[in-house]
Amino acid sequence: MLKGSITEEPGSPTPPKKPLSVHATMLDYTYDIKEMRDESDLIVVGEVISQYEPSRATVGSVIRVIKVFRGEQSDEIVVFQFGQINEETVIEPNKTYLFFMASQNIEGQYYTKGGEQGIFLIDNEILRPQDIIMKEEFETKFNEEDVFNINAKSTSEFEKWLSE
């Protein structure tokens, strides 16, 4: 006899009455910065203004959006990462980053493309990819000096490329 999708036989354990909760993580890793740009629904520059830990394994960073290259304009977004505050792999308060993000199919919720691949630190107007593959990709395709000046009146070639 079938009950749900579990076959019951004499002596078999009773299936659970409530559905099990399953959590999974998926990274959409890429080896190409153009592919990451093309598949991003939201590309923004923002500064980390605060952080909190919604669980022991997750950090939520509130980002003040400075500039939007793709997607909807917003004053703030929240970026969730695995880890804990002050861990090396978690973005840091008072620092500015470029984020490549994709929709989670829930209005207003996004995830960073490829985990750390989609996070680039902006340090003294120099873009510093956090992921080694993106670092190599970036260095072969763009001139570091022409990358970013958030306060500049002109737009760099890289910024134009981001908006394509």
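Please read all numbers here as calculations on a predicted model, not as lab measurements. (Residues numbered from 1 in each chain as written. Predicted model: local features only at pLDDT ≥ 70, side-chain atom pairs only at ≥ 80, totals over all residues. Heavy atoms only, no water.)

1. Re the overall build of the protein chain
Assigned secondary structure in the protein chain consists of three helices and nine strands. Starting at the N terminus, the α and β elements of the protein chain follow one another as β-β-α-β-β-β-β-β-β-β-α-α. Here the protein chain, with 164 residues, has 38% of them falling under the buried criterion. Residue pairs in contact within the protein chain that sit at least 24 positions apart in sequence constitute 52% of those at least 6 positions apart. By element, 49% of the accessible surface of the protein chain is carried by carbon and sulfur atoms, the whole surface being about 10,700 Å². (Helix = DSSP H or I, 4+ residues; strand = E, 2+ residues; numbered from the N terminus. Buried < 20%, exposed > 50% of the residue type's maximum accessible area, 1.4 Å probe, protein only. Contact = heavy atoms within 4.5 Å. Areas by Shrake-Rupley, 256 points an atom, 1.4 Å probe, with all protein chains shown as cover.)

2. Comments concerning the layout of surface pockets
In this structure, the second largest pocket spans a volume of roughly 150 Å³. Lining the second largest pocket, in full, are Gln81, Glu88, Thr89, Val90, Ile91, Glu92, Lys95, Tyr97, Glu116, Ile119, Leu121 and Gln130. Looking at side-chain class alone, the lining of the second largest pocket contains five nonpolar, three polar and four charged residues. (1 Å grid on protein atoms, 1.4 Å probe; cavity = no way out; pocket = protein on both sides within 12 Å on 5 of 7 lines; lining within 4 Å. Points joined across faces, edges and corners; volume = space filled by probe spheres on them. Nonpolar A, V, L, I, M, F, W, Y, C, P; charged D, E, K, R; others polar.)

3. Structural notes on the pairing of strand S3 (residues 42–55)
Here six bridges tie S3 to strand S6 (residues 96–103), and the two strands are oriented antiparallel to one another. Within the sheet, the bridge partner assigned to isoleucine 43 lies in S6 and is phenylalanine 100. Where S3 and strand S4 (residues 58–70) come together, 10 bridges link them in antiparallel fashion. Paired with isoleucine 43 across the two strands is arginine 70, which belongs to S4. The turn joining S3 and S4, which pair antiparallel and follow one another in sequence, is formed by two residues. (Pairing = 2+ DSSP bridges.)

4. Observations concerning a nonpolar patch on the surface
Residues Tyr52, Val78 and Phe80 make up a contiguous nonpolar surface patch of roughly 270 Å² in combined accessible area. Position of tyrosine 52 relative to the elements: it lies in strand S3. (Patch = residues over 30% accessible without salt bridge, like charges linked within 9 Å, V, L, I, M, F, W, Y side chains within 5 Å. Salt bridge = Lys/Arg side-chain N within 4 Å of Asp/Glu carboxyl O.)

5. Remarks on the side chain of serine 40
Note that serine 40 resides in the loop between helix H1 (33–38) and S3. Side-chain polar atoms of serine 40 contact the backbone oxygen of methionine 36, separated by 2.7 Å. Once residues within four sequence positions are removed from consideration, serine 40 is found in contact with Arg70, Phe100, Met101 and Lys113. (Polar contact = N/O pair within 3.5 Å; in protein donor to acceptor, adjacent residues only side chain to side chain.)

6. Some remarks on the environment of tryptophan 161
Mapped onto the elements, tryptophan 161 comes out in helix H3 (residues 157–163). A C-alpha to C-alpha distance of 9.4 Å links tryptophan 161 and phenylalanine 69, two positions 92 residues apart in sequence. Once residues within four sequence positions are removed from consideration, tryptophan 161 is found in contact with Ile33, Lys34, Arg37 and Phe142.

7. Things to note about the environment of isoleucine 119
Relative to the helices and strands, isoleucine 119 is located in strand S8 (residues 119–123). Sequence-distant contacts of isoleucine 119, defined by excluding residues within four places in its chain, comprise Gln81, Ile91, Tyr97, Leu98, Phe99, Thr112, Pro129 and Gln130.

8. Details of the confidence of the model for the protein chain
The predicted model of the protein chain has a mean per-residue pLDDT of 80, with 77% of residues at 70 or higher. At the low end of the mean pLDDT range in the protein chain sits strand S1 (residues 2–3), at 45; at the high end sits S3, at 93. When the criterion is pLDDT under 50, residues 1–7 qualifies, and its contacts beyond four places in sequence or with other chains add up to six contacts. (pLDDT = per-residue confidence, 0-100.)

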